[in-house]
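Coordinate inspection notes
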Amino acid sequence: MQTTITGKAYVLGDNIDTDQIIPAQYLTFNPSIPEEYKQFGKYALSSVPPSQAGLPKGHVPFHTDDEFVSPYKIVVAGKNFGCGSSREHAPIALDAAGIEAVVAEFYARIFYRNSVNGGYLIPLECVERLCERVCTGDELRLDVAAHTMHNLTTGERYELKPLGEVAPILEAGGIFPFARKSGMLG
Amino acid sequence: MTPMTLTEKILAQHAGRDAVGPGDNIWVDVDVLMTHDVCGPGTIGVFKQHFGKDAKVWDREKVVIVPDHYIFTADKMANRNVDVLREFVREQDLPYYYDVGTDKYKGVCHIALPEEGHTRPGEVLFGTDSHTCTAGAFGEFATGIGNTDAGFILGTGKLWVKVPPTMRFVFHGQLPPYLMAKDLILAVIGDIGCDGATYRAMEFDGDGVYALNIEERMTLCNMVIEAGGKNGVIAPDKVTLDYVNARNKHGKAYTPVHTDPGAKFIYEKVYDVTKLQPVVAKPHSPDNRAAVGDVSGTKLDRAYIGSCTGGKLTDFRAAARILKDKTVKIDTFVVPATSEVAAGLKSEKIGSQTLEEVFLSAGAKVGPPSCAACLGGPSDTFGRLNQPLSCISTTNRNFPGRMGHKEARVYLASPLTVAASAVRGAITDPREYLE
């Protein structure tokens, strides 16, 4: 797990469900095949309504020069991020698009589990509602160990919630390496 | 000993502990793991990556594979994914596989599981689908997981879970003929919000619940995920046991579990079902509830009756009560959840017509059993919203893009309300068509 992540923010609102993160028509790709894993990056966030895509203004494309990888590294969102289906393709799509962390008020539990157990990205929780304080394109620096976020564009600093009990799983890189380390798997 | 809720007791038993409490992280033994064509290939990939290409699943009797999502499509990738399942089943010699194009084909996994005897009180069921919570209607702990967790289970038969606190919803009274379980669960989700049960169990109780048939109880538990719930559960009674025993053809022993007197709930709410109204969830969230009366007359382009939520025989019986001798004004799609439900449409009659004849003579289109357009799917999926249409649907989600086009507007409602709205071409209270 990276302890510091620096990159541009892509800002979304509340209840961003897994259909918006990766629409069902693309679930035919098999994430276990590397060339197909890459395809999820191309369609990540493709069902977010344009007015809600890249807040506060909206209508900001998630991809620019590269059709597979987004120039944004951190998603900042509101409540209940990743609600809806159990598709692991959702954190996979964000990972494939180059997202290293999400900062949301809280997560739907299956998305959170999948992010942690699959080791795709770091799901951080903010203390105050940051999706209305950060603008898409702002340069952010996350210090995961210190659970803080520094907005390098505005100079503001924010406290985040500690990762708590999932930190060891994320540090190990997911549930398999974690279970191996803790002696559950041979 | 500290009293426990039904959910806590099942989890404690499966962790080999005397007691657990909310917030405890525990490893549980899994009774059944279910996967399907959308998440199965990824799950199999995770399993092989971590346990080796020649690894065997932990217990072939406990794995159930149900292709159901993208079945009747020309999409090559979707068809390839079913081939991946087939190959895995052959290689592992798995007994419970319901293959496409054979007599064993079922359709929607959450309805197929109980029909084929894979749901039993007191068990722990994980599935790679968020609506796995449906099986809580049988008094078991059932929840959705991703590919990584499912791959882990395939190899070990275990998974870590955090014990959820339980919310209790009590329904009293006899359900009026114009209401269905769908109205009850939309009322609950409207009250607590689509994140109101995040990380929590939702237990349904009260004479209003035990008066429901098993399919209606499944509808209640099915949509707990739309409130963020980890699982929904209803204590087993005679209705449950009669259904389970008739279907438990593998003869597997099970032990019904009930909430202890004095168990602690984090939240409790009591409803008088006689005072509730038919409701819809407006676009674009399942908690965006409105009384049908408040949105009556809203123009629609399409109606859809199907899915794990609203594609069971009880749902079609209800819709047929309204559609009998009527004509639909808008495109209306009927998709039985499973082959057993499809057979029921052909055998069960209202007067001289079968349910299927009622739908066809009303002008509805009847498709083959699968998840179909509930979640959009490939562009040739039966009933998919390929245009920004307004649709009223018996399904479970109406987030942007869920049924296809991201600007489509989806209203969720009971089969009665959907059928009444199909006849008028606008949102309509079913009481207008019921005697």
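Basis of the calculations
Residues numbered from 1 in each chain as written. Chains lettered and ligands numbered in written order. Predicted model: local features only at pLDDT ≥ 70, side-chain atom pairs only at ≥ 80, totals over all residues. Heavy atoms only, no water. Phe/Tyr/Trp six-rings, centres within 6.5 Å; stacked < 30°, edge-to-face > 60°. Helix = DSSP H or I, 4+ residues; strand = E, 2+ residues; numbered from the N terminus. Lys NZ or Arg CZ within 6 Å of the ring centre and 35° of its normal. Pairing = 2+ DSSP bridges. Axes fitted to C-alpha atoms, helices over the stretch in contact; angles between N-to-C directions. Contact = heavy atoms within 4.5 Å. Buried < 20%, exposed > 50% of the residue type's maximum accessible area, 1.4 Å probe, protein only. Right-handed = clockwise from strand over helix to strand, strands pointing away. Expected span 1.5 Å × (residues − 1). Polar contact = N/O pair within 3.5 Å; in protein donor to acceptor, adjacent residues only side chain to side chain. Domains from an automatic or database assignment. Buried area = accessible area lost by both parts, 1.4 Å probe. Salt bridge = Lys/Arg side-chain N within 4 Å of Asp/Glu carboxyl O. Nonpolar A, V, L, I, M, F, W, Y, C, P; charged D, E, K, R; others polar.

1. Details of the packing of aromatic side chains
- Evaluated as defined, the whole model comprises 25 aromatic pairs over all chains.
- With centroids separated by 5.1 Å and ring planes inclined at 80°, the aromatic side chains of B:F333 and B:F382 adopt a geometry described as edge-to-face. Placement of B:F333 in strand β15 (residues 331-335) and of B:F382 in the loop between β18 (365-366) and β19 (390-393) is noted, with a sequence separation of 49 residues between them.
- Among the aromatic side chains, those forming a connected cluster through ring pairs are A:F176, B:W27, B:F47, B:F51, B:F88 and B:F152.
- The ring of B:Y98 carries B:K104 above its face, with NZ or CZ at 5.1 Å from the centroid.
- A cation over an aromatic ring shows up here: B:R431 above the ring of B:Y178, its NZ or CZ 4.4 Å from the ring centre.

2. Some points on the sheet that holds strand β8 (residues 166-172) of chain B
All names here are of chain B.
- The sheet built from four strands is open, its strands ordered β10-β9-β8-β11 with parallel pairing. In the strand order of this sheet, the two ends are held by β10 (231-234) and β11 (267-272), each with one partner. Ignoring which end each strand starts from, the neighbouring axes of this sheet average 20° apart.
- The pairing of β8 with strand β9 (residues 201-205) spans five bridges and is classified as parallel. Across the sheet, V170 pairs through a bridge with D205, a residue of β9.
- Of the strands in this sheet, β9 and β10 are in contact with helix α8 (residues 214-222), which crosses β10 at around 150°.

3. Here we look at the pairing of strand β3 (residues 101-104) of chain A
Residue and element names in this part refer to chain A.
- The alternating pattern of β3 places A101 and V103 and V102 and A104 on opposite faces, both of which are buried.
- Between the parallel elements strand β2 (residues 74-76) and β3, the chain passes through helix α3 (residues 89-96) in a crossover that is right-handed.
- For the crossover that starts at β3, traverses helix α4 (residues 109-117) and ends in the parallel strand β4 (residues 122-125), the hand is right-handed.

4. Describing helix α3 (residues 76-92) of chain B
Residues and elements named next belong to chain B.
- Taking 1.5 Å per residue, 17 residues should reach 24 Å; α3 reaches 24 Å between its end C-alpha atoms and fits that length.
- Buried positions along α3 lie against α2 (40-51), β3 (63-65), β4 (96-97) and α5 (147-156).
- N-capping of α3 is provided by D75, with a side-chain oxygen placed 3.0 Å from the backbone N of M77.
- At the C-terminal side of α3, D93 shows a positive phi close to 55°.

5. Observations concerning the domain arrangement of chain B
Residue and element names in this part refer to chain B.
- Domain boundaries in chain B define domain 1 (8-250 + 265-270) and domain 2 (279-432).
- Relative placement of domain 1 and domain 2: their C-alpha centres are 24 Å apart.
- Facing 41 residues of domain 1, the contacting portion of domain 2 comprises 42 residues.
- Carbon and sulfur atoms make up 59% of the surface buried where domain 1 meets domain 2, a total of about 3,400 Å² over both sides.
- Linking domain 1 with domain 2 are four salt bridges, by the criterion used here.
- At the surface where domain 1 touches domain 2, the tally comes to 25 residue pairs in polar contact (both at pLDDT 80 or more).
- Within the residue set of the side of domain 1 that touches domain 2, elements represented by two or more residues are α4 (109-115), α6 (181-192) and α8.
- Among the residues making up the side of domain 1 that touches domain 2, the classes are represented as 19 nonpolar, 11 polar and 11 charged.

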